[in-house]
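So the chains spell out like this:
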Amino acid sequence: MSTLLPSIESDVAVARATGFSECAYALRRALTTTPVGWLLAVWFCWDRVPQASILLWLGCFLVVWALGLRILQGIIVAGANLERHATRLHCVAGLDGFAWGLTSWFLMGHDPILDAVLNALLCGVIAVNAQVYATYIPAFFRQIGVIWCVSVLGLLLHVASRQSAMDYAAGLTVFFALIAYYTAAISKRLLEGIRLQGANALLAARLHVALQKVELDAATDALTGQGNRRALDELLKQQAAFYVSSGKSFSILMLDIDFFKSINDGFGHMTGDDVLRAFVQRVREYLRPGDVCARFGGEEFVVVLPQTTFVEAREVAERLRLGVAQCPLLETPRVQVTVSIGVATLTAGQTVGELLATADAAVYVAKKAGRNQVQP
């Protein structure tokens with residue numbers, strides 16, 4: 001059971017990689033909506049800030065924004081990878097923070113009320129971006145670090161009232177610190193959720209594979225690798241149901257290796273097992289695509305021939321009989337066998353059990369008639 005449980009370390013690494021990728025896509029969506037924030041800032045400033053300052057701010061922002069978007073697009077096209085693209089994503093986050101930080105350089109210092117509004121706008125930008133960077137918190141820290149440094153410096157240089165500048169800087173500092181603290185906690189929970197989701201998916205996949213193997217083992221004869229009696233019964237039921245729904249019948253061949261007991265008595269049971277395996281391989285060489293061979297018991301096998309008439313089934317049986325008899329199954333020791341084959345085709349009103357009984361009776365007739373032949 002321990003092999004089914006993924007390691008915690010690998011889960012964490014996968015979660016971080018997944019979180020990085022999700023952050024890259026989320027950031028691209030956020031950047032494509034950034035112009036909405038520009039329009040809002042311009043609307044606030046239009047009658048209060050010289051238009052030259054507004055246009056200069058927009059121009060700088062546009063250049064930085066386009067550069068960041070291009071870098072981010074390159075990351076996504078290449079397939080966002082934490083190890084290869086972390087520095088680039090940090091660069092995009094820093095550029096975005098730098099562009100928003102320029103707000104205090106170009107738009108503030110003209111109207112005290114406007115300064116407060118723009119300060120609130122910067123806080124809103126950070127609040128929006130918190131969810132964008134929630135799955136990759138280091139880039140968020142990079143963004144708020146840059147925007148804080150640029151904004152505070154701009155406030156101190158361009159806001160005429162030293163007290164107002166200090167108040168705005170203090171407000172940004174407290175808000176940025178709080179949102180960084182809470183976003184980090186949320187990010188930790190998100191990554192843990194991603195880790196658990198990935199671990200559960202991996203565990204489910206491994207359990208599914210294990211279950212398939214168990215089901216396959218339960219339906220496979222361990223010695224020959226062919227279907228066992230359980231698998232044969234299920235296949236015959238399916239074929240019978242198909243016959244009822246479509247009217248297309250099927251045939252079966254009952255194969256019994258002649259004088260198999262003498263092989264076990266003369267060479268031992270280990271050689272007898274080798275003969276059974278070799279016999280199955282020989283039979284499969286002469287089957288058509290879609291035909292299925294299953295071990296019925298001992299040295300008896302059943303071949304199911306879907307959508308095959310009685311005449312066609314006899315042709316397949318005769319080909320099998322000749323193929324088995326034409327050369328030895330084993331060279332050391334040299335063992336050559338023949339096979340008696342009974343043919344039966346499902347008819348209207350006949351059950352699967354009756355079909356098997358018909359084929360078995362035909363094998364008995366073949367053995368009574370001298371073996372190495374097809375009956376009826």
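Everything below is about the structure printed above this text.
Residues numbered from 1 in each chain as written. Predicted model: local features only at pLDDT ≥ 70, side-chain atom pairs only at ≥ 80, totals over all residues. Heavy atoms only, no water.

K.L.:
How should the overall build of the chain be read in this particular structure?
P.N.:
The helix and strand inventory of the chain stands at 13 helices and seven strands. Relative to the globule expectation of 21 Å for 376 residues, the C-alpha radius of gyration of the chain, 39 Å, shows a markedly less compact shape. Counting only C-alpha atoms and orienting by the principal axes, one finds that the chain spans roughly 115 × 45 × 30 Å. Of the roughly 19,200 Å² that the chain leaves accessible, carbon and sulfur atoms contribute 63%. (Helix = DSSP H or I, 4+ residues; strand = E, 2+ residues; numbered from the N terminus. Rg over C-alpha atoms; globule rule 2.2 N^0.38 Å. Areas by Shrake-Rupley, 256 points an atom, 1.4 Å probe, with all protein chains shown as cover.)

K.L.:
Explanation requested: helix H4 (residues 82-101) in the structure shown.
P.N.:
Counting along an α-helix, one turn takes 3.6 residues, and residues three or four places apart therefore face a common direction. For H4, spanning 20 residues, the distance from its first C-alpha to its last is 27 Å, which sits close to the expected 28 Å at 1.5 Å a residue. Here H4 starts with a cap whose side-chain oxygen sits 3.0 Å from the backbone nitrogen of Glu 83, and that cap is Asn 81. (Expected span 1.5 Å × (residues − 1). Polar contact = N/O pair within 3.5 Å; in protein donor to acceptor, adjacent residues only side chain to side chain.)

K.L.:
Where do I start with the packing of aromatic side chains in this structure?
P.N.:
Aromatic ring pairs are defined here through the distance separating the ring centres and the angle between the ring planes. Within this structure, the stated rule accounts for 11 aromatic pairs. Linked through ring pairs, Trp 38, Trp 57, Phe 61, Trp 65 and Trp 100 together constitute an aromatic cluster. Just above the ring of Phe 259 sits the side chain of Arg 371; from NZ or CZ to the centre is 4.3 Å. (Phe/Tyr/Trp six-rings, centres within 6.5 Å; stacked < 30°, edge-to-face > 60°. Lys NZ or Arg CZ within 6 Å of the ring centre and 35° of its normal.)

K.L.:
So what exactly am I meant to see when it comes to the side chain of Ser 340 here?
P.N.:
Position of Ser 340 relative to the elements: it lies in strand S6 (residues 339-345). The exposure class of Ser 340 is buried, given its relative accessible area of 0%. Here Asn 372 takes part through its backbone nitrogen, which lies 3.4 Å from a polar atom of the side chain of Ser 340. Excluding anything up to four places from it in sequence, Ser 340 contacts Met 254, Leu 255, Asp 256, Asp 258, Val 363, Ala 366, Lys 367, Arg 371, Asn 372 and Gln 373. (Buried < 20%, exposed > 50% of the residue type's maximum accessible area, 1.4 Å probe, protein only. Contact = heavy atoms within 4.5 Å.)

K.L.:
Would you mind going over the pairing of S6 with me for this structure?
P.N.:
Regular strands place their side chains on alternate faces of the sheet. Burial of S6 is extensive: seven of the seven residues sit out of reach of the surface. Residues of S6 alternate between two faces, with Val 339, Ile 341, Val 343 and Thr 345 on one and Ser 340, Gly 342 and Ala 344 on the opposite face, all of them buried. Two elements, strand S1 (residues 251-257) and S6, share seven bridges in a ladder whose sense is antiparallel. Bridging across to S6, Ile 252 finds its partner in Ala 344. Handedness of the crossover joining S6 and strand S7 (residues 374-375) through helix H13 (residues 352-368) is recorded here as left-handed. (Pairing = 2+ DSSP bridges. Right-handed = clockwise from strand over helix to strand, strands pointing away.)

K.L.:
I'm lost on the state of the cysteines in this one. Help?
P.N.:
Counting across every chain of the model gives zero disulfides. No disulfide involves Cys 91; its sulfur sits 14 Å from that of Cys 23, the nearest cysteine. Left unpaired, Cys 327 is separated from the closest cysteine sulfur, that of Cys 293, by 17 Å. (Disulfide = S-S within 2.5 Å.)

K.L.:
I keep staring at the nonpolar core and nothing clicks. Help me out?
P.N.:
For soluble globular proteins, nonpolar side chains are generally found buried alongside one another. Trp 57, Leu 72, Leu 89, Trp 100 and Leu 107 are the most contacted members of the largest nonpolar core, which has 59 residues in total. Those elements that provide at least two residues to this core are helix H1 (8-32), helix H2 (34-45), helix H3 (51-78), H4, helix H6 (112-132), helix H7 (137-158) and helix H8 (162-218). Looking at which element gives the most residues to this core, the answer is H6, with nine residues. If you look at the next biggest cluster of nonpolar residues, it comprises 29 residues, including Leu 287, Leu 320, Val 324 and Val 335. (Core = buried A, V, L, I, M, F, W, Y, C linked by side-chain atoms within 4.5 Å.)

K.L.:
What should I look at first to understand the environment of Phe 140 in this one?
P.N.:
Positionally, Phe 140 belongs in helix H7. Measuring from C-alpha to C-alpha, the distance between Phe 140 and Gly 97 comes to 9.4 Å, with 43 residues separating the pair along the chain. Excluding residues within four positions of it along the chain, Phe 140 makes contact with Ile 126, Asn 129, Ala 130, Tyr 133, Ile 179, Ala 180 and Thr 183.

K.L.:
I'm lost on the pairing of S1 in this one. Help?
P.N.:
For S1, a buried count of seven out of seven residues is recorded, marking the element as mostly surrounded by other parts of the structure. Every second residue of S1 is oriented toward a common face, with Ser 251, Leu 253, Leu 255 and Ile 257 on one face and Ile 252, Met 254 and Asp 256 on the other, all of them buried. Pairing geometry for S1 and strand S3 (residues 300-305), over six bridges, is antiparallel. Looking at the pairing, Leu 255 lines up with Phe 301 of S3.

K.L.:
Looking at this structure, how should I read the packing of H2 against H6?
P.N.:
The geometry of H2 relative to H6 is characterised by a closest axis approach of 10 Å and an angle of 170° between their N-to-C directions. Of the possible angle classes, the one that applies to H2 and H6 is roughly antiparallel. Taken together, the residues of H6 that come into contact with H2 (itself represented by Leu 40, Ala 41, Phe 44 and Cys 45) are Leu 114, Val 117, Leu 118 and Leu 121. (Axes fitted to C-alpha atoms, helices over the stretch in contact; angles between N-to-C directions. Parallel < 35°, antiparallel > 145°, perpendicular 65-115°, else oblique.)

K.L.:
Looking at this structure, I do not really get H7. What am I missing?
P.N.:
Taking 1.5 Å of rise per residue, 22 residues should cover 32 Å, and H7 covers 31 Å from first to last C-alpha, within 8% of that figure. Along H7, the positions that sit buried rather than exposed are Ile 137, Ala 139, Phe 140, Gln 143, Ile 144, Ile 147, Val 150, Ser 151, Val 152, Gly 154 and Leu 155.

K.L.:
Would you explain unusual backbone geometry in this entry?
P.N.:
As a rule of thumb, non-glycine residues mostly have phi less than zero, and peptide bonds are mostly trans rather than cis. Between Thr 332 and Pro 333 the backbone carries a cis peptide bond, its omega angle lying at -10°. Relative to the helices and strands, Pro 333 is located in the loop between strand S4 (330-331) and strand S5 (334-335). Of note, the bond from Gln 375 into Pro 376 is cis; its omega dihedral lies within 30 degrees of zero at -5°. The phi dihedral of Asn 372 falls on the positive side, at around 50°, and the residue is not glycine. Relative to the helices and strands, Asn 372 resides in the loop between H13 and S7.

K.L.:
Mind showing me how you'd approach the sheet that holds S1 here?
P.N.:
Either a parallel or an antiparallel arrangement is found when strands of a sheet pair, and the pairing is made through backbone hydrogen bonds. Spatially, the five strands line up as an open sheet ordered S2-S3-S1-S6-S7, and their pairing is mixed. Among the strands making up the open sheet, the edge pair consists of strand S2 (292-297) and S7. The sheet contact formed by S2 and S3 spans five bridges and is antiparallel. Residue pairing for S3: Ala 294 is matched across the bridge by Val 302.

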